[in-house]
Each structure stands twice: as C-alpha cells, then as structure tokens.
Amino acid sequence: MNVTVANTVERGNIAIVPGNVTTSDTSSINWGTTGTVVANGITVQLDQANRTVNALGRSNNADLIIDVTGYYAAR
C-alpha cells in the first residue's frame, strides 16, 4: 500500500500494523514539520480474522491517506 500524510501539525509518525496489533515500536511514515506532505510505500500483513490493518498515530494532527495497491494470496 501507499501511505500518505498531509496537513501535518508539527512532527510525528504513524505505524500501520495488522488489525489485531495495538502497539508498535516502529513507524511506517514520519514527518518533521507543520504543513508537510509525505508518502511511503509499505507492505503490511492483514489481520487473519478480519483482514484489517490499524493506523497507530504518535503525533499531533495529520490527514492519513491509504491506497491499497495489491495483495499476496496464499497458495
């Protein structure tokens, strides 16, 4: 997926994790200033039960845009 933040306020980060995960020591996207637009391509595993992901923000306000670009199917 492609993850983009826009309309950021100050600095922060967001971790995209499987839907059954509620904490993370890593981030998927980071920004350093107000008014930044930043994008990052990532691969994340879906929660097997619900096929979802969580976005865990450690920041002030920002708009988050997620574009799913594909998936891996089990063989």
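Before reading on, note that the structure itself is shown above.
This report concerns the structure included in the present document. None of these values were measured; they are calculated from a predicted model.

The strand order across the open sheet formed by three strands is β4-β1-β6, and the pairing between neighbours is antiparallel. The open sheet terminates on both sides in strands that have one partner only, identified here as β4 (38–41) and β6 (63–67). For this sheet the average axis-to-axis angle between neighbouring strands, irrespective of direction, equals 15°. Strand direction decides the pairing type here: strand β1 (residues 2–6) and β6, joined by five bridges, are antiparallel. Note on β6: the bridge partner recorded for valine 3 is isoleucine 66.

Turning our eyes to something else, we now look at the pairing of strand β2 (residues 12–18). With seven of seven residues buried, β2 lies mostly within the body of the structure. In this sheet, strand β3 (residues 29–31) lies alongside β2 in antiparallel orientation, the contact comprising three bridges. Bridge pairing in β3 links isoleucine 14 to isoleucine 29. Judged from the seven bridges that link them, β2 and strand β5 (residues 53–59) form a sheet pairing that is antiparallel. In the sheet register, valine 17 faces β5, and the bridge partner there is asparagine 54.

Definitions and limits used
- Residues numbered from 1 in each chain as written.
- Predicted model: local features only at pLDDT ≥ 70, side-chain atom pairs only at ≥ 80, totals over all residues.
- Heavy atoms only, no water.
- Pairing = 2+ DSSP bridges.
- Helix = DSSP H or I, 4+ residues; strand = E, 2+ residues; numbered from the N terminus.
- Axes fitted to C-alpha atoms, helices over the stretch in contact; angles between N-to-C directions.
- Buried < 20%, exposed > 50% of the residue type's maximum accessible area, 1.4 Å probe, protein only.

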